[in-house]
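Close look at the chain arrangement
Chain by chain, the residues:
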Amino acid sequence: STGAQMWIENVSLPLDHSISVVAANNDVFVLQDKDTDQAWGYSLTSGKQLWGPVDLPGNALSHLSNQADIAYGRMYIWDIGGYVNALDLQTGKLDWTYTPPSSGYNTPYGIYPLWGFGTDSIADGKLFLSASRMYDPPMFTNGQRLALNCTDGSVVWSTLSFSGRA
């Protein structure tokens, strides 16, 4: 509230890796390395590392783009490879992983990608995601709007929706 510096903490990061803060809330910020698909949790109040690195399950597409949010004591990170990983915010323990279903030849990816960029929301114990992508060629059918249970990652409901730009 005053703009005064609260802490300084030196962190050694791999050279030339794509590392960024993917989420910050509940006194924790999370760094994610897209090159290795690993995550680390740090305290927002002290800068000290709380946990990590944690290897995030995914596929080759998972390294291209991801989004994350924090709610209900977990950090949820989803990627264009179709994976959603839920980590305990205080320990970094991987609580659950949503694995994308095969799309066969219906998409150029072999899965239904999870599109980010403002298409997600969390409410009522559910993580709402768009299993489609931006509206550009090649188009594919069976894009979904998903509601995942935040506790166990199960699909609560899905509906046909090409909502890459909801």
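Our subject in this report is the structure included herewith. Every residue gets a number counted from 1 within its own chain, in the order that chain's sequence is written. Only residues with pLDDT of at least 70 get local features here, since the model is predicted, and only at 80 or more are side-chain atom pairs given and counted; chain-wide, interface and lining totals rely on the full set of residues. To obtain the side-chain values, all non-hydrogen atoms of the structure were included, while hydrogens and water were left out.

1. Here we look at the overall build of the chain
Test applied: Strands here are runs of E lasting at least two residues and helices are runs of H or I lasting at least four, both read from the DSSP assignment and numbered beginning at the N terminus. All radius of gyration figures rest on C-alpha atoms, and the globule criterion is 2.2 Å times the number of residues raised to 0.38. Each residue is placed in one exposure class: buried if its accessible area under a 1.4 Å probe, protein chains only, is under 20% of its type's maximum, exposed if it is over 50%, and partly exposed if it falls in between. Contacts are residue-level and defined by heavy atoms, with any inter-residue pair within 4.5 Å sufficient. Here the Shrake-Rupley method, with its probe set to 1.4 Å, supplies the accessible areas, and only the displayed protein chains count as covering residues.
Helix and strand counts for the chain come out as zero helices and twelve strands. Start at the N end of the chain and walk to the C end: the helices and strands fall as β-β-β-β-β-β-β-β-β-β-β-β. In terms of overall dimensions, the chain is globule-like: its C-alpha atoms have a radius of gyration of 17 Å, near the 15 Å expected for 166 residues. Taking the principal axes of its C-alpha atoms as reference, the chain extends roughly 50 × 35 × 30 Å. The buried share among the 166 residues of the chain stands at 43%. Across the chain, every contact between residues at least 6 apart in sequence was considered, and the portion connecting residues at least 24 apart equals 40%. Total accessible area on the chain is roughly 8500 Å²; 53% of this is exposed by carbon and sulfur atoms.

2. Observations regarding the environment of F140
By secondary structure assignment, the location of F140 is in the loop between β10 (126–131) and β11 (144–149). Among the residues examined, F140 registers a relative accessible area of 7% and is labelled buried. Spatially, the C-alpha atom of F140 lies 36 Å from that of P53, the residues being 87 residues apart in sequence. Those residues within four positions of F140 in sequence are excluded, and the remaining contacts are N106, T107, P108, Y109, Y112, P113, S132, R133 and F162.

3. Details of the pattern of salt bridges
Which entries qualify depends on this criterion: We define a salt bridge as a contact between a side-chain nitrogen of Lys or Arg and a carboxyl oxygen of Asp or Glu at a distance within 4 Å.
Following the criterion strictly, the structure yields four salt bridges and no others. Here R74 ties to D95 by a salt bridge, and the two come within 2.8 Å at their closest N and O atoms. Taken together, the residues span a long stretch of sequence, with R74 in strand β6 (residues 74–79) and D95 in strand β8 (residues 94–98) at a distance of 21 residues. For R74, a relative accessible area of 15% translates into the label buried. Salt bridges linked by common partners bring R74, K93 and D95 together as one network.

4. Looking at the sheet that holds strand β3 (residues 38–43)
Heads up, the condition is: By the convention used here, strands pair only if DSSP detects at least 2 bridges between them. Only C-alpha atoms enter the line fits that serve as axes; for helices the fit covers just the stretch in contact. Angles between N-to-C directions range over 0 to 180 degrees.
An order of β1-β2-β3-β4 is seen for the four strands of this open sheet, with the pairing classed as antiparallel. A single partner strand is all that each edge strand has here, and the edge strands are β1 (19–25) and β4 (49–55). Taken over all neighbouring pairs, the strand axes of this sheet differ in orientation by 20 degrees on average, direction set aside. Both β1 and strand β2 (residues 28–33) contribute to a ladder of six bridges, which runs antiparallel. Along β2, the bridge assignment pairs A23 with V30.

5. Some points on the sheet that holds β8
Taken in spatial order, the four strands line up as β5-β6-β7-β8 in an open sheet, and their pairing is antiparallel. The open sheet has two edge strands, β5 (66–71) and β8, and neither has a second partner. Recorded for the sheet is a direction-independent mean angle of 15 degrees between the axes of neighbouring strands. Pairing of strand β7 (residues 84–88) with β8, which is carried by four bridges, proceeds in the antiparallel orientation. By the bridge assignment for β8, V84 is matched with Y98.

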